[in-house]
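In case you want the letters, here they are:
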Amino acid sequence: MSGVMKRMGMIFRAKANKALDRAEDPRETLDYSYQKQLELLQKVRRGVADVATSRKRLELQLGQLQGQSAKLEDQGRKALALGREDLAREALSRRAALQQQVTDLETQHQTLQGEEEKLTLAAQRLQAKVDAFRTKKETIKATYTAAQAQTRIGEAFSGISEEMGDVGMAIQRAEDKTAQLQARAGALDELMASGALDDPSGMAKDDLAAELDRISGGSDVELELQRMKAELAGGTPQQAIEGGQKQEQPRPNMDK
């Protein structure tokens with residue numbers, strides 16, 4: 001049972017991987033990766049801005065403390081000039097406390113300045129990487145699009161070739177059938193002309209009937225010719241016909 005479950009799980013993962021591979025568009029994946037890199041770069045820039053803001057705030061505090069320290073020093077000098085040593089001592093004590101704060105803020109300022117420089121350098125390097133990735137991304141997308149177009153064109157040509165092959169076979173079959181029908185029609189015409197087949201229309205004639213029609217047609221022409229000659233000679237058509245028939249009768253041989 002465990003083996004069956006493992007096999008089913010492997011088959012499911014294989015089919016899911018194949019489906020994901022068909023659904024995945026490398027161009028969309030590259031755009032998504034580029035977007036994530038831009039978001040990371042934006043975070044680094046915000047970090048640099050935050051550190052720079054903290055550094056500026058420390059610089060303002062340092063300026064204020066240094067101003068107060070200078071003021072206390074001036075007050076202590078004036079008090080001592082007036083013979084108020086106690087006031088001078090108090091001013092100097094306050095100045096010493098402020099000076100400790102100034103020292104601490106200067107240390108923090110140096111630390112923040114170092115972090116700012118590191119983050120700025122990291123942001124510059126990341127910016128260069130993002131720019132290089134963008135260039136590479138666009139190159140890959142253009143290459144993928146061109147390859148996809150070439151593949152579609154090749155598939156179209158392949159489909160056209162297959163379609164033309166089918167059309168060629170259909171044309172060949174049509175030509176073969178046409179030749180067969182022409183041969184059959186020619187054979188039937190020859191059979192009907194020879195009298196081997198009966199003409200259902202009754203128009204076909206045998207050789208004897210054709211010869212009789214020819215002779216009859218010739219006799220009609222001769223009779224018409226005799227009639228026309230009689231009309232020209234002033235006789236009647238019947239006399240011309242009878243005269244023509246008498247002329248056609250064979251003469252007796254008088255030599256015997």
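Residues numbered from 1 in each chain as written. Predicted model: local features only at pLDDT ≥ 70, side-chain atom pairs only at ≥ 80, totals over all residues. Heavy atoms only, no water.

(A) Quick look at the overall build of the protein chain. Helix and strand counts for the protein chain stand at 5 helices and 0 strands. For the protein chain, the residues scored as buried account for 12% of the 256 residues in total. Put simply, 75% of the contacts in the protein chain that link residues at least 6 apart link residues at least 24 apart. If you sum the accessible surface of the protein chain, you get close to 20,700 Å²; carbon and sulfur atoms cover 57% of it. (Helix = DSSP H or I, 4+ residues; strand = E, 2+ residues; numbered from the N terminus. Buried < 20%, exposed > 50% of the residue type's maximum accessible area, 1.4 Å probe, protein only. Contact = heavy atoms within 4.5 Å. Areas by Shrake-Rupley, 256 points an atom, 1.4 Å probe, with all protein chains shown as cover.)

(B) The pattern of salt bridges, seen in detail. Taken as a whole and assessed by the stated rule, the structure comprises 15 salt bridges. Between D86 and R84 there is a salt bridge; the shortest N-O distance is 3.4 Å. The class for D86 is partly exposed, based on a relative accessible area of 44%. A relative accessible area of 40% places R84 in the partly exposed class. Among the ionic contacts, a cluster of salt bridges with common partners joins D31, K137, E138 and K141. (Salt bridge = Lys/Arg side-chain N within 4 Å of Asp/Glu carboxyl O.)

(C) Inspection of the nonpolar core at higher detail. Core analysis: the largest hydrophobic core is formed by 7 residues, namely L58, L62, L65, L72, L98, V102 and L105. For this core, the elements supplying multiple residues, two or more each, are helix 2 (26-81) and helix 3 (85-194). The element that contributes the greatest number of residues to this core is helix 2, accounting for 4 residues. Setting aside residues no more than four positions away along its own chain, V102 makes contact with L62, L65 and Q66. Among the nonpolar cores identified, the runner-up in size contains 6 residues, and L41, V44, A123 and V130 belong to it. (Core = buried A, V, L, I, M, F, W, Y, C linked by side-chain atoms within 4.5 Å.)

(D) Local environment of the packing of aromatic side chains. On inspection of all chains with the given rule, the structure shows 1 aromatic pair. Measuring from ring centre to ring centre gives 6.5 Å for Y34 and F133, while their planes differ by 15°; the resulting arrangement is stacked. Of this pair, Y34 sits in helix 2 while F133 sits in helix 3; the two residues are 99 residues apart in sequence, bridging distant segments of the chain. Residue F133 is classed as partly exposed on the basis of its relative accessible area of 21%. Positioned above the aromatic ring of Y34, the side-chain terminus of K137 is 5.0 Å from the ring centre. (Phe/Tyr/Trp six-rings, centres within 6.5 Å; stacked < 30°, edge-to-face > 60°. Lys NZ or Arg CZ within 6 Å of the ring centre and 35° of its normal.)

(E) Focus on helix 2. Taking 1.5 Å of rise per residue, 56 residues should cover 82 Å, and helix 2 covers 82 Å from first to last C-alpha, within 8% of that figure. With its phi angle positive at about 85°, G83 sits one or two positions after the end of helix 2. (Expected span 1.5 Å × (residues − 1).)

(F) Up close: the side chain of E116. Take E116: it is sitting in helix 3. Not counting the four nearest positions on each side in its chain, E116 is found in contact with V51, A52 and R55.

(G) Up close: the confidence of the model for the protein chain. For the protein chain, mean pLDDT is 76; residues scoring 70 or higher make up 68% of the total. Taking the mean pLDDT of every element in the protein chain, the minimum, 50, falls on helix 5 (residues 237-248) and the maximum, 87, on helix 2. Across residues 245-249, confidence stays below pLDDT 50; counting only partners more than four residues off in sequence or on other chains, it has 0 contacts. (pLDDT = per-residue confidence, 0-100.)

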